[in-house]
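As a plain string of letters, each chain reads:
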Amino acid sequence: DAKTTQPPSMDCAEGRAANLPCNHSTISGNEYVYWYRQIHSQGPQYIIHGLKNNETNEMASLIITEDRKSSTLILPHATLRDTAVYYCIVRVPSTGANSKLTFGKGITLSVRP
Amino acid sequence: GAVVSQHPSWVICKSGTSVKIECRSLDFQATTMFWYRQFPKQSLMLMATSNEGSKATYEQGVEKDKFLINHASLTLSTLTVTSAHPEDSSFYICSARVPAEGYEQYFGPGTRLTVT
């Protein structure tokens, strides 16, 4: 069973920030929050991950609440090419069974012109 | 990030035949690769974990005799769908774990299999 819950869909206007929420209330202390996205008919693409501090890279920012029970992925200036299914996944970055990437249903982001 | 390729990108085969899909890590060595399957409008489902030089570990409900996985080198894993049937038509995606990058997983572009 997926350990995260996400709304099924959301949309935003091109050029605006897209804030994608994720709940992971049962996250363990050694589990990281990962975000991937899948553009239609392509393989998933890694976006960002974090443990407890906020993270930023060239693609997005990840904001994790202090209690680590939820997080938000922020695409600062959404473009039409950001239209995709975004997956929030918790895992331990290791070789063990709890390191598997288990995909839930994700959230479908639609960026409108 | 690391690059993973798959071949072919799409394949059409007749019912009863076998199809082989290749997954390669292009710029790194992957001791562990994963095979996923995705049906239309559904999420990715992990089929099996492939470790170089050893037998693959299959997820519950996945027939190991139907989906043959071989990971004979550090840069190549193959998935063979044997005696394919129309219900095996799906999007097959591989990924590779990169120990040097904190055990991150990078995904291939996927292979669309259509069984007629």
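Report on the accompanying structure. Each chain carries its own residue numbering, running from 1 in the direction its sequence is written. Here chains are named by letter from A upward and ligands by number from 1 upward, in the order in which they appear as written. The predicted origin of the model limits local features to residues at a pLDDT of at least 70 and limits the giving and counting of side-chain atom pairs to 80 or more, whereas totals for whole chains, interfaces and linings rest on all residues. The side-chain numbers reported here are obtained from all heavy atoms of the structure, hydrogens and water having been left aside.

What follows is about the pattern of salt bridges. Residue and element names in this part refer to chain A. A carboxyl oxygen of Asp or Glu within 4 Å of a side-chain nitrogen of Lys or Arg is what we treat as a salt bridge. Counted according to the given criterion, the structure contains six salt bridges over all chains. Note that Asp11 is salt-bridged to Arg112, the shortest N-O span being 3.2 Å. Here Asp11 is found in strand S1 (residues 9-13), whereas its partner Arg112 is found in strand S9 (residues 107-112), with 101 residues between them in sequence. Put simply, Arg37 and Asp82 hold a salt bridge, and the shortest N to O gap is 2.8 Å. Taken as a pair, Arg37 in strand S3 (residues 32-38) and Asp82 in the loop between strand S7 (70-75) and strand S8 (84-91) lie far apart in primary sequence, 45 residues in all. Both residues of the pair, Arg37 and Asp82, count as buried. Runs of E in the DSSP output that reach at least two residues are strands. Runs of H or I that reach at least four are helices, and both are numbered from the N terminus. We call a residue buried when its accessible area falls under 20% of the maximum for its residue type, exposed when it is over 50%, and partly exposed in between, using a 1.4 Å probe and counting protein chains only.

Turning next to unusual backbone geometry. Residue and element names in this part refer to chain B. Pro8 follows His7 through a cis peptide bond whose omega is 0°. Locating Pro8 in the fold gives a position in the loop between strand S1 (4-7) and strand S2 (10-13). With a phi angle near 60°, Lys41 is a residue other than glycine that sits in the positive phi range. Locating Lys41 in the fold gives a position in the loop between strand S4 (32-38) and strand S5 (45-51).

This paragraph deals with the packing of aromatic side chains. Paired rings are identified among Phe, Tyr and Trp, the last through its six-membered ring, by centres lying within 6.5 Å, and are further divided according to the angle between planes into stacked (under 30 degrees), edge-to-face (over 60) and tilted (the rest). Applying the stated criterion to the full structure yields eight aromatic pairs over all chains. With centroids separated by 5.6 Å and ring planes inclined at 80°, the aromatic side chains of Tyr36 of chain A and Phe107 of chain B adopt a geometry described as edge-to-face. Separated into two different chains, Tyr36 of chain A in strand S3 and Phe107 of chain B in strand S10 (residues 104-107) make up a pair that spans both. Pairing Phe103 of chain A with Tyr36 of chain B gives two aromatic rings, centres 5.7 Å apart and planes at 90°, and the pair type is edge-to-face. Of this pair, Phe103 of chain A sits in the loop between S8 and S9 while Tyr36 of chain B sits in strand S4, on two different chains. Ring-pair connections join several aromatic residues into one group, and the members of that group are Tyr36, Tyr46, Tyr87 and Phe103 of chain A together with Tyr36 and Phe107 of chain B. Note on criteria: charge over ring means Lys NZ or Arg CZ within 6 Å of the ring centre, with the direction from the centre no more than 35 degrees off the ring normal. Positioned above the aromatic ring of Tyr34 of chain A, the side-chain terminus of Arg91 of chain A is 4.9 Å from the ring centre.

Before going further, it helps to examine the interface of chain B and chain A. Residue contacts follow a heavy-atom distance rule, with two residues in contact if any of their heavy atoms lie within 4.5 Å. Contacts between the two partners involve 18 residues from chain B, matched on the other side by 21 residues from chain A. Accessible area, probed at 1.4 Å, shrinks when two parts are joined; the buried area is that loss added up over both. For the pairing of chain B and chain A, the buried interface totals around 1500 Å² over both sides, and the portion due to carbon and sulfur atoms is 50%. Taken together, the links from chain B to chain A amount to one salt bridge. For Lys100 of chain A, the salt bridge identified is with Glu59 of chain B, shortest N-O distance 2.7 Å. Nitrogen and oxygen atoms within 3.5 Å of one another constitute a polar contact, given that in protein one can donate a hydrogen and the other can accept it, and given that sequence-neighbouring residues count only through two side-chain atoms. Linking chain B with chain A are seven residue pairs in polar contact (both at pLDDT 80 or more). Of all the secondary-structure elements, those providing two or more residues to the side of chain B that touches chain A are S4, S5, strand S9 (90-98) and S10 of chain B. Note that Gly is not counted as nonpolar here; it falls among the polar residues with everything else outside the nonpolar set of Ala, Val, Leu, Ile, Met, Phe, Trp, Tyr, Cys and Pro and the charged set of Asp, Glu, Lys and Arg. Tallied by class, residues from the side of chain B that touches chain A come to eight nonpolar, six polar and four charged.

Our next topic: the pairing of S5 of chain B. All names here are of chain B. Of all seven residues in S5, five are buried, a share of seventy percent or more. Should DSSP find at least two bridges between two strands, the strands are regarded as paired. As defined by bridge partners, S4 adjoins S5 across six bridges and the pair is classed as antiparallel. In the sheet register, Met33 faces S5, and the bridge partner there is Ser50. Hairpin remark: S4 followed by S5, antiparallel, with six residues in the connecting loop; positive phi at Lys41, about 60°.

Attention shifts here to the side chain of Ser90 of chain B. Residues and elements named next belong to chain B. Topologically, Ser90 is positioned in strand S9. At 2.8 Å, the side chain of Ser90 forms a polar contact with the backbone oxygen of Gln38. Not counting the four nearest positions on each side in its chain, Ser90 is found in contact with Arg37, Gln38, Phe39, Thr111, Arg112 and Leu113.

Right, let's talk about the state of the cysteines for a bit. Counting rule for disulfides: a pair of cysteine sulfur atoms within 2.5 Å. Applying the stated criterion across every chain, the model contains two disulfides over all chains. Between the sulfur atoms of Cys22 of chain A and its disulfide partner Cys88 of chain A the distance amounts to 2.1 Å. On the sign convention where negative is left-handed, the bridge of Cys22 of chain A and Cys88 of chain A, at about -85° about the S-S bond, is left-handed. Pair noted here: Cys22 of chain A is in strand S2 (residues 18-23) and Cys88 of chain A is in strand S8, with a separation of 66 residues, a long-range link. You'll find Cys22 of chain A and Cys88 of chain A in the same group, each marked buried. Disulfide pairing is shown between Cys23 of chain B and Cys94 of chain B; the S-S distance is 2.0 Å. Its S-S torsion of about 80° marks the bond between Cys23 of chain B and Cys94 of chain B as right-handed, since a negative value means left-handed. In this pair, Cys23 of chain B is assigned in strand S3 (residues 19-25) and Cys94 of chain B in strand S9, connecting sequence segments 71 residues apart.

What is shown is where atoms sit, not what they do.
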